[in-house]
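Here's the letter readout for the chains.
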Amino acid sequence: MCAEYTIQTSAKKIREQLGRPLAEEQTIRFPERIKFTARAPVITPDFKLVEKIFPAQPFPNSRLSGVEDENAGLDQDIRRVYDVPLWKNSFANHPVLVPMTAFFEPVYWGHDIGTVQKFSVPETEVFFVAGMLIKPRVPARANLDGFTLLTHTATEQMMRYHQRLVTVLKPECAAEYLKPMSGRERFEFLIANRYTGELMVEKDRNMAKGWEKRVDVQEAKLKREEAYRQALAREKVSG
């Protein structure tokens, strides 16, 4: 899942892409790369550009839906983010948009195994990933000073590289995600409006020595994801 991304842009360009005025609580920095525990810009429902933490724990990716027990069979129900105790309040009441120019995923199968690939949205200078505010554990904070990125099923293109895909919103519909709505309504909005088109892909780098030791674990994650996709198909739903 996405643990690294870039935001090589400016507040001015984000405002232009979003088509909305944005207030800044302070001078916002735009680091070349965002990794675990870094502070990064996000957009809150009152259209403020603020800095929040991309935490190491809880892991800063949260699923829009998943099976209750990934090791169980396919006869179980799918659990949506708005029903998960850890996430449901933040999802309903504390949405944020996370501006990006590219994100990175390590590859543990297929033609590009052993590399980290860079993904971006064609003909879009800045895109937005749906997220929500959370309380970080690492680094520890007492309030909603962190954020998590929402993920969902990968496209056929992304499945060649990774089993999940961050929930990308193109600029023309991103602002609507921040409107007040119930958790179920927000979920249905994302399922209907997330970007599932082709992404631009290029190699960023080779993974550091020792990546081969993680292949079995990652292949097991892929198998669990394939079972989850079968469960979605059984219910005849996309989310």
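Check the entry above for the structure.
All figures in this text were calculated on a predicted structure; none of them were measured in a lab.

A. Focus on the overall build of the protein chain. Broken down by element type, the protein chain carries six helices and 15 strands. Computed over the C-alpha atoms, the radius of gyration of the protein chain is 17 Å, within 12% of the 18 Å expected from 2.2 N^0.38 for a compact globule of 239 residues. Principal-axis analysis of the C-alpha atoms gives the protein chain an extent of 45 × 40 × 35 Å. The contacts in the protein chain between residues at least 6 apart in sequence include a share of 70% that link residues at least 24 apart. Roughly 11400 Å² of accessible area belongs to the protein chain as shown, and the carbon and sulfur atoms make up 48% of that amount. For the protein chain, the distance from the average position of its 36 positive side-chain charges to the average position of its 32 negative side-chain charges is 4 Å.

B. Layout of helix α1 (residues 11-18). Taken together, the buried positions of α1 are occupied by Ala11, Ile14 and Leu18. Buried positions in α1, seen along its axis, are confined to an arc of 60° and lie on one side of it. Those residues of α1 that are buried lie in contact with β2 (23-24), β3 (39-43), β4 (48-53), β8 (95-100), β11 (127-134) and α4 (171-174). Positive backbone phi, at 75°, marks glycine 19, one or two positions downstream of α1.

C. Local environment of the pattern of salt bridges. The final tally for this structure, using the stated rule, is 17 salt bridges. A salt bridge links arginine 33 to aspartate 204; the nearest nitrogen and oxygen atoms lie 2.7 Å apart. Of this pair, arginine 33 sits in the loop between β2 and β3 while aspartate 204 sits in strand β15 (residues 200-206); the two residues are 171 residues apart in sequence, bridging distant segments of the chain. Looking at arginine 33, the relative accessible area reads 29%, which means it is partly exposed.

D. Local environment of the packing of aromatic side chains. All chains considered together, the criterion is met by eight aromatic pairs. Ring centres of phenylalanine 36 and phenylalanine 59 lie 5.5 Å apart, and the angle between their planes is 75°; on these two criteria the pair is classed as edge-to-face. Separated by 23 residues along the polypeptide, phenylalanine 36 in the loop between β2 and β3 and phenylalanine 59 in the loop between β4 and β5 (61-63) bring together distant segments of the chain. Given a relative accessible area of 34%, phenylalanine 36 falls into the partly exposed group. The exposure class of phenylalanine 59 is partly exposed, given its relative accessible area of 37%. Members of the aromatic cluster, each reached through a chain of ring pairs, are Tyr5, Phe36, Phe54, Phe59 and Phe147. The lysine or arginine in question, arginine 186, covers the ring of tyrosine 177, its NZ or CZ lying 5.5 Å from the ring centre.

E. Structural detail: the sheet that holds strand β9 (residues 102-106). Spatially, four strands are ordered β1-β9-β10-β15 in an open sheet, and the strand pairing comes out antiparallel. Edge positions in the sheet fall to β1 (5-6) and β15, since each has one partner strand and no second. Where β1 meets β9, two bridges bridge the pair, whose relative direction is antiparallel. Paired with threonine 6 across the two strands is alanine 102, which belongs to β9.

F. Quick peek at the nonpolar core. In this structure, Tyr5, Ile43, Phe91, Phe103, Phe147 and Tyr177 are the most contacted members of the largest nonpolar core, which totals 69 residues. Here tyrosine 177 is in contact with Phe91, Pro95, Val96, Leu97, Ala130, Gly131, Leu150, Leu169, Arg186, Phe189 and Leu190, once residues within four sequence places are set aside. Counting five residues, the second-largest nonpolar core is a separate cluster that includes Val67, Ile78, Tyr228 and Ala231.

Conventions we followed
Residues numbered from 1 in each chain as written. Predicted model: local features only at pLDDT ≥ 70, side-chain atom pairs only at ≥ 80, totals over all residues. Heavy atoms only, no water. Helix = DSSP H or I, 4+ residues; strand = E, 2+ residues; numbered from the N terminus. Rg over C-alpha atoms; globule rule 2.2 N^0.38 Å. Contact = heavy atoms within 4.5 Å. Areas by Shrake-Rupley, 256 points an atom, 1.4 Å probe, with all protein chains shown as cover. Lys, Arg positive; Asp, Glu negative; His and termini not counted. Charge placed at Lys NZ, Arg CZ, Asp CG, Glu CD. Buried < 20%, exposed > 50% of the residue type's maximum accessible area, 1.4 Å probe, protein only. Arc of directions from axis to C-beta. Salt bridge = Lys/Arg side-chain N within 4 Å of Asp/Glu carboxyl O. Phe/Tyr/Trp six-rings, centres within 6.5 Å; stacked < 30°, edge-to-face > 60°. Lys NZ or Arg CZ within 6 Å of the ring centre and 35° of its normal. Pairing = 2+ DSSP bridges. Core = buried A, V, L, I, M, F, W, Y, C linked by side-chain atoms within 4.5 Å.

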